[in-house]
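# Observations on chain architecture
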Amino acid sequence: MASSPEPVETFAGTAGASAKREYERRKDKRETRIREAHPHLGALILAVSDDPQSTRAWAVGARGEEVLGQRLDRIAGPGVHVLHDRRIPGTRANIDHIVVCPSGVFVIDAKKYQGRPSLRVDGGLFRPRTETLMVGSRDCSKLVAGARKQVALVRAALDHAGLAEIPVHGVLCFVEADWPLIGGAFTTGAVHVLWPRKAIELVSKPGPVNDQRAREIHRSLTSSFPAA
């Protein structure tokens, strides 16, 4: 009798791992440069100066991914399968989180920004309608474009694996942003914009994908998007 194929082991990944590595790389490079340029004063210069904002941003981003990753891990189990920090093949980019759940696949980009996320709508009756994602006073619409690209990549991977019927949704999750007490979540460009608790509610909704099917999708996406 033929033996059953061995189950494929999947590694969920570690939320924020690649961002944390990049922060450490930049921090170490700066320290080495300062110590080499100032052999006697390097330690003092490092003690009284901060890392540049471009370096600190990687640590902040890693923390945002970790916070959301911990929330997602708590609901992982039968029917809900999570992947963290997945590498996009052929690029240096990554996908923060992928959740396979009863209602399909959610591609989640975690952001730890200050300010209140909101949707600015211009135009309408006589002018073309345009939507702009604002965080505080900053135009962050490029984040929506980035989320849509990630959704398209996951969509293509599932189509290639013969899973074209599985819906794929994009999510921008702002961790510890200045969200209002009531309401606040919205959708723009087919991307959900929300906070961690709302993200958990979204991926916990019932749907037609059973656990066996979810495991198949999870294994396929693990192969398509390795851990970063």
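All figures in this text were calculated on a predicted structure; none of them were measured in a lab. (Residues numbered from 1 in each chain as written. Predicted model: local features only at pLDDT ≥ 70, side-chain atom pairs only at ≥ 80, totals over all residues. Heavy atoms only, no water.)

## Side note on the nonpolar core
In terms of nonpolar packing, the biggest core is built from 32 residues, with V99, F106, I108, L133, L172 and F174 touching the most fellow members. Elements that contribute at least two residues to this core include exactly helix 3 (53–75), strand 2 (94–101), strand 3 (104–111), strand 5 (130–135), helix 4 (141–160), strand 7 (168–174), strand 9 (191–194) and helix 5 (196–203). Beyond its immediate sequence surroundings of up to four residues, I108 is in contact with L68, L72, D96, H97, V99, V171 and C173. Among the nonpolar cores identified, the runner-up in size contains 19 residues, and I88, V105, V107 and V151 belong to it. (Core = buried A, V, L, I, M, F, W, Y, C linked by side-chain atoms within 4.5 Å. Buried < 20%, exposed > 50% of the residue type's maximum accessible area, 1.4 Å probe, protein only. Helix = DSSP H or I, 4+ residues; strand = E, 2+ residues; numbered from the N terminus. Contact = heavy atoms within 4.5 Å.)

## A few points about the packing of aromatic side chains
Following the criterion strictly, the structure yields two aromatic pairs and no others. For the ring pair Y113 and F174, a centre distance of 5.8 Å and an interplane angle of 65 degrees mean the geometry is edge-to-face. Taken together, the positions of Y113 in the loop between strand 3 and strand 4 (117–122) and F174 in strand 7 put the pair 61 residues apart, joining distant regions of the chain. For F174, a relative accessible area of 0% gives the class buried. On the basis of an interplanar angle of 55 degrees and a centroid distance of 4.9 Å, the ring pair of W179 and W195 is categorised as tilted. Here the residue W179 occupies a position in the loop between strand 7 and strand 8 (186–188), and W195 occupies one in the loop between strand 9 and helix 5, the gap between them amounting to 16 residues. Here W179 falls in the buried class, since its relative accessible area comes to 13%. When its relative accessible area of 14% is taken as the criterion, W195 is described as buried. (Phe/Tyr/Trp six-rings, centres within 6.5 Å; stacked < 30°, edge-to-face > 60°.)

## Concerning the sheet that holds strand 1 (residues 81–87)
Reading across from one edge, 1-2-3-7-9-8 is the order of the six strands in this open sheet, with mixed pairing throughout. Of all strands in the sheet, those with a lone pairing partner are strand 1 and strand 8, marking the two edges. Neighbour-to-neighbour, the strand axes of the sheet open up by a mean angle of 30 degrees, direction not taken into account. By the bridge criterion, four bridges tie strand 7 to strand 9 in an arrangement that is parallel. Residue pairing for strand 9: V171 is matched across the bridge by H192. Here helix 4 sits on the sheet and contacts strand 2, strand 3, strand 7, strand 8 and strand 9; the angle it forms with strand 7, its principal contact strand, is near 145 degrees. Strands in contact with helix 6 (residues 211–224) are strand 1, strand 2 and strand 3; relative to strand 1, the strand with the most contacts, it is inclined by about 10 degrees. (Pairing = 2+ DSSP bridges. Axes fitted to C-alpha atoms, helices over the stretch in contact; angles between N-to-C directions.)

## A look at the pairing of strand 5
The pairing of strand 4 with strand 5 spans six bridges and is classified as antiparallel. Residue pairing for strand 5: V121 is matched across the bridge by E131. Summarising the sheet, strand 5 and strand 6 (residues 138–139) pair through two bridges and their orientation is antiparallel. Paired with M134 across the two strands is D139, which belongs to strand 6. Remark: two residues form the turn of the hairpin made by strand 5 and strand 6, two consecutive strands paired antiparallel; G136 in that turn has positive phi of roughly 65 degrees.

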